[in-house]
Amino acid sequence: MSALDHLPILVVLIPLLTAVICPLFQNGRTAWKLALGAAWSSFAIACMLLHQVLNSGTVRYQLGGWEPPWGIEYRIDVLGGFVLLIVTSIAALVLSYARRSVEDEIRPGRISFFYAAFLLAFSGLAGITVTGDAFNLFVFLEISSLSSYALISAGRDRRSLNAAFQYLIMGSIGATFILIGIGFLYMMTGTLNMDDLAVRLPEVADTRTVRAGFAFLTVGFGLKLALFPLHLWLPNAYAYAPSVVTAFLAATATKVAVYALLRFLLGIFGVGFSLMSMPFDMILIGLGLAGILSASLVAVFQQNVKRMLAYSSVAQIGYIALGIGLASHTGISAAVMHLFNHALMKGALFMSLGAVAYRVGAMHISDFAGLGRRMPFTMAAIAIAGLSLIGIPGTAGFISKWFLVLGTLEQGWWPLAVLILLGSFLALIYVGRILEAAYFGTPKENSAVREAPLSMLIPIWILVIANVYFGLNTELTVGLATQATTDLFEALP
Amino acid sequence: MYNYFLAVFLMMAGFYVVIAQGNLVKKVIGLGMFQTSVFILYISIGKVNGGQAPILTEGVTSYSNPLPHVLMLTAIVVGVATTAVGLALVIRIHEAYGSVEEHDIQQRDNAEDALLEGEL
């Protein structure tokens, strides 16, 4: 076997091993270079994998040469490859941006450990997308969660500690629920391989054990992806974590949880069971709408800008849940597209906020007054990414919302479409508040705030340009998302 | 069969402790109980009536399923790591706030907020 055959494991292994090496270097700069190298090589591998999947179908890899279903199998299909691409690209960009922000926010002696934890979280998230084994998924989930608790607690504000603890409690409960759910499935089928589970489940689907397992799994993933009303850990965790961590987690962690939910709902249980014979579609639509409207409303009244955008993340998860709940091809494609687009816009927004934190040092909305003139490039980035968040035509956010509205109209549920637009309107208000302060507010006197350094601006602007590019050229995202959805539907018996 | 009831009892007791206790250390303990109950659940799954330990010995034909047990080894490691991170956070919280009671921490944060609002 050549090295090319080992790509599915390498994408996880490279960051995992680099994470072990990082703390050996006292010098934070060296650790950063190592982490950066690991992230970019993972990104390159993810591109190659996605290319391979598109050309020659699902990539399978047997861990240690043990044949499935006995051994652990890594399996990458279009959906997995797509989400893997999101995770690795965001990690690579965030790490390119991270150096100055981390030197500013983390104590010097801790920087190597910070990068180690970052890489662990990254390898866990990448692992979830490539694995084809239910228990392996749980292990990767815990690797990423445990390291993200540590990352969040590294924030400067002491509240970050409490936020991390809350997240730890809720996240562990969620993960344990997932473990119970997997246990129930194993009880009925005797297998942990996802393909095998999908084959054997229909025979026993009509039992209480499988239904209980389904319930545990959905609640567990609901906690992880911050589905309303299980989102309570998210706003504080994102608001008080270091800027780099917020940008990375906001753009990837919840996305990967959505991927895992999709994998179980559609790949293992099948649409027929999870969204039709169980009333989960209606639950998802209801909770999604409640999430969109309530979280957007709360966001409008936030004074801390980072917290405002954290609530907006809860709302965006609502859109994704709504798309899945539609249970149609268009709806689920819209959800998959929104995964990608939301990662682009929230990555750009939180990275820009990190640049503001670097120059200004505070996140209150009044601190943004007049920044439009002092930091023109950062604020322009916030403006464009904000427009994408609202869903203005010509930006990436518009595409996924368009498909979502199409999905609701397809089923004749036009009141839903109206409510989705209402959510966009609320987004307009809270993004508008930031921009109003930045462009029309009077700057505080004697402040010597300058534009953010280039090393931060370039990664931010790559994401901003991606926001516009994928708003105009929709071939890649729409094509991949529809193909991923088609695969999910076709794989079903 | 009774061990399933035991697992459910432990699970609910642990869950209750996590929700009802305001003391962060007790919350971590409750979380530990909650996770341990799942270990018992899994280990019960693997048991085969009359089955022996899965080691090749002469005269033994019925074995318990070792796979759930092995899975639980991993889950125990995860549980230990969770408890360790949780307790480490509690220590840091105690250093920063001087208390491990949720109520006190909330009050101190609120007081800080009120102070900030006053300044603005």
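Keep in mind that this is a model prediction, so the values were computed, not measured.

1. Regarding the overall build of chain B
Here's step 1: Broken down by element type, chain B carries 4 helices and 0 strands.
Here's step 2: Each helix and strand of chain B, placed in order from N terminus to C terminus, yields the pattern α-α-α-α.
Here's step 3: Against the globule reference of 14 Å for 120 residues, chain B gives a C-alpha radius of gyration of 22 Å, more extended than a compact globule.
Here's step 4: Principal-axis analysis of the C-alpha atoms gives chain B an extent of 80 × 25 × 20 Å.
Here's step 5: Counting over 120 residues, chain B shows a buried share of 32%.

2. Some words on the nonpolar core
Here's step 1: Among the nonpolar cores identified, the biggest contains 227 residues, and Tyr-115, Ile-182, Phe-248, Phe-264 and Phe-368 of chain A are the most heavily contacted of them.
Here's step 2: Residue contributions to this core peak at 20 residues, all from helix H10 (residues 243–269) of chain A.

3. A look at the environment of Leu-201 of chain A
All names here are of chain A.
Here's step 1: Inspection of the secondary structure assignment puts Leu-201 in helix H7 (residues 194–204).
Here's step 2: Residues Leu-201 and Ser-41, 160 residues apart in the sequence, show an inter-C-alpha distance of 38 Å.
Here's step 3: Each residue touching Leu-201, except ones within four places of it in the same chain, is listed here: Leu-185, Thr-189, Val-210, Ile-268 and Phe-269.

4. A look at the confidence of the model for chain A
Here's step 1: The share of residues in chain A with pLDDT of 70 or more is 98%, and the mean pLDDT across the chain is 87.
Here's step 2: No element of chain A has a lower mean pLDDT than helix H11 (residues 271–277) of chain A, which averages 72, and none a higher one than helix H5 (residues 134–152) of chain A, which averages 92.

5. With respect to the packing of helix H3 (residues 78–105) of chain A against helix H20 (residues 475–490) of chain A
All names here are of chain A.
Here's step 1: For the pair H3 and H20, interaxial distance at closest approach is 8 Å and the crossing angle is 140°. Judged by the inter-axis angle, H3 sits oblique to H20. From H3, Val-78, Leu-79 and Phe-82 reach across to H20, where they touch Leu-480, Gln-483, Ala-484, Asp-487 and Leu-488.
Here's step 2: Here the residues of the contact of H3 with H20 are counted per class, giving 6 nonpolar, 1 polar and 1 charged.

6. Let's talk about the interface of chain B and chain A
Here's step 1: With 39 residues of chain B at the contact, the number on the chain A side is 30 residues.
Here's step 2: Where chain B meets chain A, there are 4 salt bridges.
Here's step 3: Of the charged contacts, one joins Arg-159 of chain A and Asp-113 of chain B as a salt bridge, the two residues approaching to 3.0 Å between their closest N and O atoms.
Here's step 4: Linking chain B with chain A are 9 residue pairs in polar contact (both at pLDDT 80 or more), by the criterion used here.

7. Remarks on helix H3 (residues 66–97) of chain B
Residue and element names in this part refer to chain B.
Here's step 1: Here H3 is 32 residues long and its end C-alpha atoms lie 46 Å apart, about the 46 Å a rise of 1.5 Å per residue gives.
Here's step 2: When H3 is considered as a whole, its buried residues turn out to be Pro-68, Leu-71, Met-72, Ala-75, Val-78, Gly-79, Thr-82, Gly-86, Leu-89, Val-90, Ile-93 and Tyr-97.
Here's step 3: A distance of 3.0 Å separates the backbone nitrogen of Leu-67 from a side-chain oxygen at the start of H3, and that oxygen is part of Asn-65.
Here's step 4: Phi turns positive, to about 75°, at Gly-98, one or two residues after H3.

8. A short note on the pairing of strand E1 (residues 59–62) of chain A
All names here are of chain A.
Here's step 1: Of the two faces of E1, only one is covered, namely that formed by Val-59 and Tyr-61; the face formed by Arg-60 and Gln-62 stays uncovered.
Here's step 2: The pairing of E1 with strand E2 (residues 73–76) spans 4 bridges and is classified as antiparallel. Residue pairing for E2: Tyr-61 is matched across the bridge by Tyr-74.

9. Structural notes on unusual backbone geometry
Residue and element names in this part refer to chain A.
Here's step 1: Look at the link from Phe-228 to Pro-229: it is a cis peptide, with omega at 0°.
Here's step 2: You can see Pro-229 is positioned in the loop between helix H8 (208–224) and helix H9 (234–240).
Here's step 3: The phi torsion at Ala-226 lies on the positive side, around 60°, for a residue other than glycine.
Here's step 4: Here Ala-226 is to be found in the loop between H8 and H9.
Here's step 5: Its identity as a non-glycine residue notwithstanding, Ala-327 has a phi of 60°, on the positive side.
Here's step 6: Its place among the elements puts Ala-327 in the loop between helix H13 (305–325) and helix H14 (329–359).

Scoring rules and cut-offs
Residues numbered from 1 in each chain as written. Chains lettered and ligands numbered in written order. Predicted model: local features only at pLDDT ≥ 70, side-chain atom pairs only at ≥ 80, totals over all residues. Heavy atoms only, no water. Helix = DSSP H or I, 4+ residues; strand = E, 2+ residues; numbered from the N terminus. Rg over C-alpha atoms; globule rule 2.2 N^0.38 Å. Buried < 20%, exposed > 50% of the residue type's maximum accessible area, 1.4 Å probe, protein only. Core = buried A, V, L, I, M, F, W, Y, C linked by side-chain atoms within 4.5 Å. Contact = heavy atoms within 4.5 Å. pLDDT = per-residue confidence, 0-100. Axes fitted to C-alpha atoms, helices over the stretch in contact; angles between N-to-C directions. Parallel < 35°, antiparallel > 145°, perpendicular 65-115°, else oblique. Nonpolar A, V, L, I, M, F, W, Y, C, P; charged D, E, K, R; others polar. Salt bridge = Lys/Arg side-chain N within 4 Å of Asp/Glu carboxyl O. Polar contact = N/O pair within 3.5 Å; in protein donor to acceptor, adjacent residues only side chain to side chain. Expected span 1.5 Å × (residues − 1). Pairing = 2+ DSSP bridges.

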